[in-house]
Amino acid sequence: MGNADSVDKKEEGVPENKPLNFIHQMIEEDIKNNKNGARVHTRFPPEPNGYLHIGHAKSICLNFGTAAKYNGMCNLRFDDTNPVKEDTEYVDSIMEDVHWLGFDWGDRLYYASDYFEQLFEYAVKLIKKGKAYVDDTNAEEISAHRGTVTQPGVESANRNRSVDENMDLFQRMRAGEFPDGSRVLRARIDMASPNMLLRDPILYRILHTDHHRTGDKWCIYPMYDFAHGQCDSIEGITHSICTLEFEVHRPLYEWFIRELEIFAPQQIEFARLNLTYTVMSKRKLLGLVKEGYVNGWDDPRMPTICGLRRRGFTPESIRNFAETIGVAKRDNVIDVSLLEFCLREDLNKRARRALAVLNPVKLIIDNYPEGQTEELDAVNNPENPDEGLRKVPFSKELYIEREDFMEEPPSKYFRLAPGREVRLKYAYIIKCESVVKDPETGNITEIHCTYDPETRSGMPMSNRKVKGTIHWVSAQHAVKAEIRLYDRLFSMENPEETEEGKDFISNLNPESLKKITGFTEPLLATAKAGDKFQFERIGYFCVDPDSTTDKLVFNRTVTLKESWNRPDKAAIPG
RNA sequence: UGUCCGAUGGUGUAACUGGCAACACGACUGACUCUGGAUCAGUAGAGUCCAGGUUCGAGCCCUGGUCGGACAACCA
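Just so it is clear, the structure is predicted and the values come from calculations on it, not from any experiment.

How each quantity is defined
- Residues numbered from 1 in each chain as written.
- Chains lettered and ligands numbered in written order.
- Predicted model: local features only at pLDDT ≥ 70, side-chain atom pairs only at ≥ 80, totals over all residues.
- Heavy atoms only, no water.
- Pairing = 2+ DSSP bridges.
- Helix = DSSP H or I, 4+ residues; strand = E, 2+ residues; numbered from the N terminus.
- Axes fitted to C-alpha atoms, helices over the stretch in contact; angles between N-to-C directions.
- Contact = heavy atoms within 4.5 Å.
- Phe/Tyr/Trp six-rings, centres within 6.5 Å; stacked < 30°, edge-to-face > 60°.
- Buried < 20%, exposed > 50% of the residue type's maximum accessible area, 1.4 Å probe, protein only.
- Lys NZ or Arg CZ within 6 Å of the ring centre and 35° of its normal.
- Disulfide = S-S within 2.5 Å.
- Near = heavy atom within 4 Å.
- Polar contact = N/O pair within 3.5 Å; in protein donor to acceptor, adjacent residues only side chain to side chain.
- Nonpolar A, V, L, I, M, F, W, Y, C, P; charged D, E, K, R; others polar.

A. Up close: the sheet that holds strand 1 (residues 41–44). Taken together, the three strands give an open sheet; going across it, the order is 1-2-3, and neighbouring strands pair in parallel fashion. In the strand order of this sheet, the two ends are held by strand 1 and strand 3 (109–111), each with one partner. Neighbour-to-neighbour, the strand axes of the sheet open up by a mean angle of 35 degrees, direction not taken into account. With four bridges connecting them, strand 1 and strand 2 (residues 73–78) associate as parallel partners. Looking at the pairing, R43 lines up with N75 of strand 2. Along the sheet, helix 4 (residues 88–101) makes contact with strand 1, strand 2 and strand 3, crossing strand 2 at roughly 160 degrees.

Following this line, the structure appears as structure tokens:
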């Protein structure tokens, strides 16, 4: 108990003197000036058109974390203003993922579509102020008239319509009198603005499409720019945190707030997360799923939250990662090894240890009594002695890892070799006496050893020093399991970096998934989906949802840190 | 050719707002270890994109460049 307490305190330690990121600096400045009554209210505003990924996790941790830090609140709001892309499937997955990450929006679950009526009224207000007009120009022409980044745009012929005519037309747009694409409502700002977004941006478009929440109630839908800031305003959001690409939108965001004379949240932009060896855009992730390069959004190789969850990540490790990478405005690419570090750091503390052999070779202890079985004590978690011991069966015939034996070991190899001794973890010291090979292939089929009965772990004589300790499972007791070995999805640090004429798909790592059959200690037969273990000396593994009592399936979450350069690796020429 | 934003070890983030560039990851030593894990101790690695200027003093301020990113969906 005492131990657990101290861990909790460490994790939730409130008064930290860590340096503030630039957003928190701004917020503390606002609090000091009693802006908005020193209130802090943020929101996480996903569009329900796809699954959340690790980049969203950064934003979630920032928004919810900031609110928590300053005793404020954070809303979950679905930015559902484009019915053709959105679906409740995504709404559900997003809510699940945010909760799984450990955040709670309480009763503050909102949808932009909740505000459609209010937004319509805002549009009316702009029309009445002469700040918005209905344009009959078609999409191509509007685009052409917008000009370029260096050339000013051309004003629409409809720009100076009367308020009455605009009101009439806008009402009739809502009433469904016009087909898709025939008219739009535009803000009347400045067609010559150096900021393209201010060149009379579109506020409403006609879309005779059912919306996942409002059904067929509406056939005109607000654009992002006309919805987002106003939704923030309605909810009393004080700090509207978003990614860098919206920086150019801020003048427009503020224009609407000013013209509408409503509560003014502050938009603050930060740099989105990029990770090596993966892609992060929804479009590309969707492509991977649709083209079958991965097995769905929750494929353990995907950077999606559900993929990471299935892979065996813990919410804590992701939150800690988000904390560690910091928040700034410059573009960044984080090395996945940092994510893996955060994962191992967390798993090391909480994962139960288990013995499992992935690439088995039989080992026979010649002088061990035939038919005898011992139940040996194994430590559940050396990082937390409170988790106690478990029994592991030991017998004459075992499986050990093929890599743990070498006929002709290089100098720094201190595992098993002819004539050498090693410790079998939690069991005896054994000595290799001989090997049996397949006469045809020359592969080793059996390793014969003798054991020293005085050296069982815990015995007085067990302190004898031997160089290596290897893991094992008892052949007759072992449980067969499918093990899915995952590696990076792409073989390039930056998958977008491609040869001419090829796209990121060409950089997929053909070895990103290998399925093998291994053996685990018997206790794991009862493990349930999501259970996490450290297979000693190998890595962290979790039970996949595909797993059944007939067929156990484990995912390799991440390997143990490998600080030992395998001689065979070094020996590879080139 | 426009507007906006950014630039600090290999990667990311700091630097008490002008005072000898720090922390984490990664790398490398060594100790310890019944996991070549963990833990512990330590080392190397940037003089802050460039050129000027202000100042006793500049990564922080000013000027001019360079490089990178964003912006011309009836997407968000």
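Next, the rest of the story.
B. Molecular detail of the packing of aromatic side chains. Taken as a whole and assessed by the stated rule, the structure comprises 23 aromatic pairs. Note on W255 and F256: the rings are 5.5 Å apart at their centroids and 80 degrees apart in plane angle, and the pair reads as edge-to-face. Grouping residues by exposure puts W255 and F256 together as buried. R174 extends its terminal NZ or CZ atom over the ring of F120, reaching a point 4.5 Å from the ring centre. Positioned above the aromatic ring of Y111 is the side chain of R213, whose terminal nitrogen or guanidinium carbon lies 3.5 Å from the ring centre.

C. Structural context of the sheet that holds strand 16 (residues 421–424). Taken together, the seven strands give an open sheet; going across it, the order is 19-16-17-18-12-15-20, and neighbouring strands pair in mixed fashion. Because the sheet does not close on itself, it has two edges, and the strands there are strand 19 (469–470) and strand 20 (472–474). Examined bridge by bridge, strand 16 and strand 19 share two bridges and lie parallel to one another. Paired with R423 across the two strands is T469, which belongs to strand 19.

D. Fine view of the state of the cysteines. Across all of its chains, the model carries zero disulfides by this definition. Between C61, a free cysteine, and C74, which holds the nearest cysteine sulfur, the sulfur-to-sulfur gap is 11 Å. Judged by relative accessible area, which is 13%, C61 ranks as buried. Here C432 stays free of any disulfide, with the sulfur of C449 as its closest cysteine sulfur at 4.9 Å.

E. Main features of the protein's contact with RNA strand B. Neighbouring RNA strand B are 66 residues; T81, R353, S457, Q534 and S563 lie closest to it. When atoms of RNA strand B within 4 Å of the protein are sorted by moiety, sugar and phosphate together comprise 62%. In this structure, V327 approaches RNA strand B through a main-chain N or O atom, which is 3.1 Å from a phosphate oxygen. At 2.9 Å, a side-chain N or O of R330 approaches a phosphate oxygen of RNA strand B. Secondary structure elements with two or more residues in the surface near RNA strand B: helix 6 (139–145), strand 6 (202–206) and helix 13 (336–350). Element by element, the count of residues in the surface near RNA strand B is highest for helix 13, at four residues. Split into classes, the residues belonging to the surface near RNA strand B amount to 25 nonpolar, 20 polar and 21 charged.

F. Local environment of the environment of R353. You can see R353 is positioned in strand 10 (residues 352–354). R353 sits in the buried class, given a relative accessible area of 5%. Through-space distance from the C-alpha of R353 to that of Q534 is 4.7 Å; in sequence the pair is 181 residues apart. Excluding its chain neighbours within four sequence positions, the residues that come into contact with R353 are L347, N348, V379, N380, N381, P382, E383, R390, Q534 and E536.

That is the geometry; function is a separate question.
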